[in-house]
Every structure is written in structure tokens, then in C-alpha cells.
Amino acid sequence: MTYFEFLNEHGVTLLLGTVTTIKVLVCSMILYVIISMIFGLMRLSKNLAVQGLATVYIEFFRGTSLLVQLFWAYYVLPFFGISLEAFTAGVVALGLNFGAYGAEIVRAGILAVPKGQWEAAHALNFTPAKRIKRIIIPQIFPIILPPAANLTVELLKATALVALVTVVDLTFEAKQINSITWLSAQCFGTALLIYYIIARFALVPFLRWLEVLAARKIGKERI
Amino acid sequence: MEMGWRWDFTLEILPQMAIATLNTILAAGVGYAIALVVGLFFLLGQRTPFKIINWINREIVEFIRSTPLLIQLFFVYFVLPQFGITLSAWVCGMITIGLHFGTYLSEVYRGALEGVSKTQWEACRALNFSTVYTYRRIVLPQAFPIAIPGMGNYLVGIFKDTPLLSTIGVAELFHAATAVGGYNYRYLEPYTIVGVIFLTLSIPAAMWVRKLEKDVNKAQGKIKK
């Protein structure tokens, strides 16, 4: 069987899997960005209870393996009466895991804004909300976007793991086709190639564009 | 089926999990050792004066870094036998982890070497030191502390990725938990124990890396922050 015949027969299945992979990626991306913002801010809170809670969350999710968290969400939560659909369990586990890493990036980003900026905003009698919104946040983005971009590529790679909790994504389809046809080189090779194309020609350019946008917004023509 | 945590079941499976933990640590250690060496080769490819080798090297690194480790494992495990190379799951896993994280480590090495100021090279040239001597006595001692945190982080990273090896049948901790869980139809205790074991190993490891970073900086006469 030539590679063309293989694509002809199984290409559609793989593409359908790719669509699921992209869905998982987009959903968990939104979730992890929100979580990182919240916990990154909580980590800097002066309230010790809030700060402690954020620290425990971050250390817990960074200290255990993503696969363990994924299986825990899918196979163990039903013991406590919470049955999540595979897709939901996958997105939640990915979001919580990457949110923990993202929170540290957000925290470092906020700390990297020079203290003088806070003081100047204070001296100009900005309200705390306006200070965060107009002075601090626009300066955070150019700092946190490059590490966040790396993290997001890691997220794309990590979405492959949801196949192991029965989400029918690209990895799942590749495995399935492999077990039927035993054309391992073709199906896993194609899957690798698709992940590579998504990362290299869609995700990374999108994230670079965001970086340029954020830099331009504060008048820095970087990169 | 009984709901809630069962301590008798926990105690029953604990010895089995403890033995599997040793396998996980072994896998992480061997994988890391391979990755350290592979990283050096990728670094060499990056620094050779031949443009074409640089380019090929960069594309390979880029490809490995932007595709999932899981599928790479499947690829190595299922495809190599088609070319007549039959390796055990352990060997496949170690090779794949070594290659995957080797690309990351080569970036750590590169960053560390570039972190050494260019004037150091110029001073050595002025003093007529040989390249080998410059590397050995001037550049590497300064690059090493810069590389320590990154190298440590990837050790912890590899440790946390070892559960993936269970998908190709390497008998490590996660594999043991899945087997025990499937046999007894109880996943609560096995998977929770795996989580606890990972926490108790990786948090001290991360703390140790941070301490190492501080110690090396102090030995270098630099006090950070």
C-alpha cells in the first residue's frame, strides 16, 4: 500500500481527529489562561490564606504528573460522585495543570514591572483598578507572552494525552488505525507531521503575532 | 463496590507500588543520562561551522520539540520493528526520552554558553590560551552555574513524564497502578498513591535544584538577589 493510498483511506479519519485535537487545545488554552491570571494574582496577595491556597494549588499541580491528574479526573472522580465526560475531564485536567505553570509566569511578569510604575500611578492618584488596568497590565503582556508561548506549545503536545482517557483525538485515531492496519510508520508519522504543522505554521505564528501586538501597544517595536 | 478510601486495600498494594517506584526512578535516571549526552550532540551540531549541518540540526530539534512525546514513543516502539529492529519497551522508552529531552537540554547548554560574556573569550585570546584551555578553565566553569537550574528542571520534568512509558508497557509506577486498579476494579487508591508518591519525590527534588543553584552561585562568588 502506497502512502497515497493510505491517506486516501484514512486521511479523513485523521483529519476528524485533528479537529478534536484543536478543540481540546482551544478549550484548555482559554481555561489555563483564566486560571493562571487568577492564581498568579492570588500568589501575590497580601492575605496569607489566599496566598497559601494559591501556593498549594501550584505546587500540587506542578509536583504531580499530568497523566496521573488526567486519570484521576477521569477514573477516580466518579468515586466521589462526579462523573465527567472524557472531553471535559481532559480539558479540565489540562487547564488545571497548565494553569499552575502559567500562574508562575503571571506572577513573575507582575513582579517584573518596575516599582516606579506603581509609585508613579499612585502619585498621580489613579484608583487601584485603573492602576492595574491602564498601567500594569499593558506592561505585563510583553513580559509574559514569550514564556507563555512556550507553555502553549507544550500544551499542544500535552493534548495528545487525552487520547488515553478515550477522547477521540488525533493520537487516538492514529493508534486506532495502527491497531487495524499495522501501518505504524504511516499513521504515527502522519500524526507527528500534523502536530508539527499545527505547532510550526499555526500556533507559533499566532503567538508571535500576539507578542508583536502587545509590544506595539506600549510603543515598543520589538522582535 | 465499597465507596470511600479503604486502608486495608492501600496497605495491601503499597509494597507493589514501592517496587514500581524504583523502576520509575531508574527510568528517569537512565533517560536523563541519555538526554544529557544527546543534548551535547545537538549542541555540537549547532556550533559546527557548516551552515548545512546547522540547518539540519535546527530543523530536527524543532521537529522533536514540537511533537508530542507520546506519539514519538509509539513511533519508535511500533515502527522500528518494521525495519527489523526489535527493541524492548524499556530500550525504546529510554531512547525516546533521551532524544526528546536531549533537544531541550541542548538549548540549556546553548543558553549557558551564550551567557558567558564575549569579553571572556577575547581576554583568553589576548592571553594566548588554547581553545581547549579556554573552554576548560574559563568558559565552562562560568557556563555551568547558568546551566544548573535548567538541567535540574528537566530532570524533574523527565521524572514527571515517565508515566507515559506505561503506554508501551514499561512496568513503572503508573503501569503498576493501572494493573492493580484494573485487577481489583478500584482506581481510587492506586492513582491517589501514585500522585502522593510523585509529590513526595518531585517537590524535594525541585527544592534541591533551587538549593544547588544557590550553592553553585555562591561558590562562583556571585550572590543572586
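Residues numbered from 1 in each chain as written. Chains lettered and ligands numbered in written order. Predicted model: local features only at pLDDT ≥ 70, side-chain atom pairs only at ≥ 80, totals over all residues. Heavy atoms only, no water.

Asks: Is there a simple way to explain the overall build of chain B in this structure?
Replies: Secondary structure assignment for chain B yields eight helices and zero strands. Its helices and strands in sequence order give chain B the pattern α-α-α-α-α-α-α-α, from N to C terminus. Whereas a compact globule of 225 residues would reach a radius of gyration of roughly 17 Å, chain B reaches 22 Å, over 25% beyond that. Counting only C-alpha atoms and orienting by the principal axes, one finds that chain B spans roughly 75 × 50 × 25 Å. In chain B, which comprises 225 residues, the share counted as buried stands at 44%. Considering only intrachain contacts with a sequence separation of at least 6, the fraction spanning at least 24 residues in chain B is 76%. Within chain B, the 13 negative side-chain charges are centred at a point lying 15 Å from the centre of the 19 positive side-chain charges. (Helix = DSSP H or I, 4+ residues; strand = E, 2+ residues; numbered from the N terminus. Rg over C-alpha atoms; globule rule 2.2 N^0.38 Å. Buried < 20%, exposed > 50% of the residue type's maximum accessible area, 1.4 Å probe, protein only. Contact = heavy atoms within 4.5 Å. Lys, Arg positive; Asp, Glu negative; His and termini not counted. Charge placed at Lys NZ, Arg CZ, Asp CG, Glu CD.)

Asks: Could you clarify how one ought to interpret the interface of chain B and chain A in this entry?
Replies: Quoted interface sizes are often the accessible area lost when the parts come together. With 37 residues of chain B in contact, the opposing surface of chain A contributes 37 residues. The tally of links between chain B and chain A comes to one salt bridge. Its salt-bridge partner being Arg 200 of chain A, residue Glu 59 of chain B comes within 3.1 Å of it at the nearest N-O pair. For the side of chain B that touches chain A, the leading source of residues is helix α8 (residues 188-219) of chain B, giving ten residues. (Salt bridge = Lys/Arg side-chain N within 4 Å of Asp/Glu carboxyl O.)

Asks: Which parts of the structure should I look at to understand the side chain of Lys 157 of chain A?
Replies: Of note, Lys 157 of chain A is situated in helix α6 (residues 128-158). A polar atom in the side chain of Lys 157 of chain A sits 2.9 Å from the backbone oxygen of Arg 65 of chain B. Here Lys 157 of chain A is in contact with Arg 65, Ser 66, Thr 67, Pro 68, His 100 and Tyr 104 of chain B, once residues within four sequence places are set aside. (Polar contact = N/O pair within 3.5 Å; in protein donor to acceptor, adjacent residues only side chain to side chain.)

Asks: Looking at this model, I keep getting lost on the packing of aromatic side chains. Mind explaining?
Replies: Aromatic rings in a pair are described by how distant their centres are and how their planes are angled relative to each other. Evaluation of the coordinates by the stated rule reveals 30 aromatic pairs over all chains. Here the aromatic rings of Tyr 75 of chain A and Tyr 187 of chain B are separated by 5.2 Å at their centres, their planes lie at 35°, and the arrangement is tilted. Here Tyr 75 of chain A is found in helix α3 (residues 66-76), whereas its partner Tyr 187 of chain B is found in the loop between α7 (173-184) and α8 on a different chain. For Tyr 75 of chain A, a relative accessible area of 27% gives the class partly exposed. Three or more aromatic residues link up through ring pairs in this structure, and these residues are Phe 71, Tyr 74 and Tyr 75 of chain A together with Phe 174, Tyr 187 and Tyr 191 of chain B. Taking NZ or CZ as reference, Lys 130 of chain A lies 5.2 Å from the ring centre of Phe 126 of chain A, over its face. (Phe/Tyr/Trp six-rings, centres within 6.5 Å; stacked < 30°, edge-to-face > 60°. Lys NZ or Arg CZ within 6 Å of the ring centre and 35° of its normal.)

Asks: What exactly am I supposed to notice about the nonpolar core here?
Replies: Across soluble globular proteins, you tend to see nonpolar side chains buried next to one another. By size, the foremost hydrophobic cluster in this structure holds 103 residues, and its most contacted members are Phe 71, Leu 94, Phe 98 and Leu 161 of chain A together with Val 194 of chain B. When sequence neighbours within four positions are dropped, the list of residues in contact with Phe 71 of chain A reads Val 76, Leu 164 and Val 165 of chain A together with Phe 174 and Tyr 191 of chain B. Membership of the second largest hydrophobic core comes to nine residues, among which are Phe 39, Ala 54, Phe 61 and Ala 103 of chain A. (Core = buried A, V, L, I, M, F, W, Y, C linked by side-chain atoms within 4.5 Å.)

Asks: Quick question: what am I supposed to make of unusual backbone geometry here?
Replies: The bulk of non-glycine residues show a negative phi, and the bulk of peptide bonds are trans. Residue and element names in this part refer to chain B. Phi at Asn 128 is positive, roughly 65°, even though this residue is not glycine. With respect to the secondary-structure elements, Asn 128 resides in the loop between α5 (118-126) and α6 (131-161). A positive phi angle is found at Tyr 185, which is not glycine, with a value near 55°. By the secondary structure assignment, Tyr 185 is in the loop between α7 and α8.

Asks: Would you mind showing me how to read the environment of Ala 35 of chain B here?
Replies: Residues and elements named next belong to chain B. Its location among the elements puts Ala 35 in helix α1 (residues 7-47). Given the relative accessible area of 0%, Ala 35 is considered buried. Each C-alpha atom of the pair Ala 35 and Glu 122 lies 32 Å from the other, and the pair is 87 residues apart in sequence. If near-sequence neighbours (up to four positions away) are discounted, Ala 35 is found in contact with Ile 97, Gly 98, Phe 101, Gly 102, Leu 105 and Ile 158.

Asks: How should the state of the cysteines be read in this particular structure?
Replies: Two cysteines joined by a covalent bond between their sulfur atoms form a disulfide. Tallying each qualifying case throughout the model produces zero disulfides over all chains. Its sulfur unpaired, Cys 187 of chain A is 16 Å from the next cysteine sulfur, which belongs to Cys 92 of chain B. (Disulfide = S-S within 2.5 Å.)

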